[in-house]
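Summary of the model geometry
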Amino acid sequence: MKNIFPFLILLLCSCKKTLPAEAPVIVTVLPTAAESSYVKYTINAGAHFSDKSVLKEIILSEMNFKVKFDSSAIYKTIDPLNQYDINKLYGFSDGNDHHQNSARIGWSWNDNALRLYAYTYYNGVRDSKEITSVNIGAEVLCTIKFSAAEYVFKSGNSTVTMPRFVTTTIVKGYQLYPYFGGDETAPAEIRILIQDLP
């Protein structure tokens, strides 16, 4: 019996167990609760319109939203002068033709900064003013309010006013979505997160 014990220990220690190969681990990264309340708008390379540009009638007394840009907002145009063209972020027509009367917040990447703009059509005449510059990845609160005489654009702590042609106390029109251009189409995929607020 004494001679068998060392033999059993040797036998047990020298056994090889073949374990099944481990299955690959699949990791799904879920958005945080804060990010899941955003809608992701994508403008594909070579396109002007975002993937979620659908006709949506609106009646508003003001527009409030949050926006987040990622590094895809850093781009270079083919024609250097087009770098200063204003891309459209979000807004509304003020009536049934946005090239007649409308208000939007626009954006562009120029002079190494991401800039936001007030962008309007006033009785068919286009106009714009820079509101502020923002950081990539920052959550930016944007507001478009209006009276019978003007639009008031706010982004972060900066405010800009622009004249309004329509004199009603509410806006009846349609939603305007992210759009790249200007003259050129998106040079690469552009991704923008927007969250509508009351």
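This write-up is about the structure you can find in this document. Sequence positions are assigned chain by chain, starting from 1 and proceeding in written order. Totals for whole chains, interfaces and linings use every residue, but because this is a predicted model, local features are given only for residues with pLDDT of at least 70 and side-chain atom pairs only at 80 or more, for both listing and counting. The side-chain figures draw on all heavy atoms in the structure; neither hydrogens nor water molecules are used.

**Remarks on the side chain of E184**
As a reminder of what qualifies: A run of H or I in DSSP becomes a helix once it reaches four residues, and a run of E becomes a strand once it reaches two; helices and strands are each numbered from the N terminus. For this analysis, a polar contact is any N or O atom pair within 3.5 Å, provided that within protein one partner can donate a hydrogen and the other can accept it, and provided that sequence-adjacent residues contribute only side-chain to side-chain pairs. It only takes one pair of heavy atoms within 4.5 Å for two residues to be counted as in contact.
Its location among the elements puts E184 in the loop between β11 (171–176) and β12 (190–197). Looking at E184, its side chain comes within polar contact range of the main-chain nitrogen of D79, at 2.9 Å. In this structure the side chain of E184 is engaged in a polar contact, spanning 2.8 Å, whose partner is the side chain of N82. Setting aside residues up to four positions removed in sequence, E184 forms contacts with H48, T77, I78, D79 and N82.

**Points about the pairing of strand β3 (residues 62–69)**
Short version of the rule: Classification of residues uses two cut-offs on accessible area relative to the type maximum, computed with a 1.4 Å probe and protein chains only: under 20% is buried, over 50% is exposed, and between them is partly exposed. Only strands joined by at least two bridges in the DSSP assignment are considered to pair.
Within β3, six of the eight residues are buried, which leaves it mostly tucked inside the rest of the structure. In this structure, β3 lies alongside strand β8 (residues 140–146), joined through six bridges in antiparallel fashion. Looking at β8, one finds that V67 is bridged to V140. In this sheet, β12 lies alongside β3 in antiparallel orientation, the contact comprising six bridges. The residue bridging F69 from the neighbouring strand is I192, located in β12.

**Brief notes about the sheet that holds β12**
Through backbone hydrogen bonds, the strands of a sheet pair up, either in parallel or in antiparallel fashion. Here is the rule: Note on geometry: axes are lines fitted to C-alpha atoms, helical ones only across the stretch in contact, with angles between N-to-C directions running from 0 to 180 degrees.
Here we have six strands laid out as an open sheet, ordered β1-β12-β3-β8-β9-β10, and antiparallel in their pairing. Only two strands of the sheet have a single neighbouring strand rather than two, namely β1 (39–43) and β10 (158–163). On average, adjacent strands in this sheet sit at an angle of 25° to one another, irrespective of strand direction. Relative to β10, strand β9 (residues 150–155) runs antiparallel, the two being bridged by six bridges. Across the sheet, residue S155 finds its bridge partner in β10, namely S158.

**Quick look at the layout of surface pockets**
What counts, and what does not: For cavity detection a 1 Å grid was placed over the protein atoms alone, and a set of points counts as a cavity when a 1.4 Å probe fits there but cannot get out; an open set counts as a pocket when protein lies on both sides within 12 Å along at least five of seven lines, with lining residues being those that have an atom within 4 Å of a point. Grid points are joined across faces, edges and corners, and a volume is the space filled by probe spheres set on the points. Polar here means any residue other than Ala, Val, Leu, Ile, Met, Phe, Trp, Tyr, Cys and Pro, which are nonpolar, and Asp, Glu, Lys and Arg, which are charged; Gly is therefore polar.
The calculated volume of the largest pocket comes to roughly 320 Å³. Forming the walls of the largest pocket are 17 residues, and the residues nearest its centre are F49, H98, R104, L176 and Y179. Among the elements that line the lining of the largest pocket, the one with the most residues is β11, at three residues. Residue composition of the lining of the largest pocket, grouped by class: 10 nonpolar, four polar and three charged.

**Let's talk about the environment of Y122**
As for its position among the elements, Y122 is in strand β6 (residues 113–122). Of the residues examined, Y122 reaches a relative accessible area of 35% and is grouped as partly exposed. Residues contacting Y122, with those up to four places away along its chain left out, are Q100, N101, P163, R164 and F165.

**So, the pairing of β11**
β11 sits mainly inside the fold: five of its six residues count as buried. Here strand β2 (residues 57–60) pairs with β11 via four bridges, running antiparallel. Bridged to I58 within β11 is G173. Of the strand pairs in this sheet, strand β4 (residues 87–93) and β11 are connected by two bridges, and their pairing is antiparallel. Along β11, the bridge assignment pairs G91 with L176.

**Concerning the sheet that holds β4**
Taken in spatial order, the six strands of this open sheet run β2-β11-β4-β5-β6-β7, and their pairing is antiparallel. The open sheet is flanked by β2 and β7 (125–134), the only strands paired with a single partner. Each neighbouring strand pair of the sheet contributes to a mean axis angle of 30°, computed without reference to strand direction.

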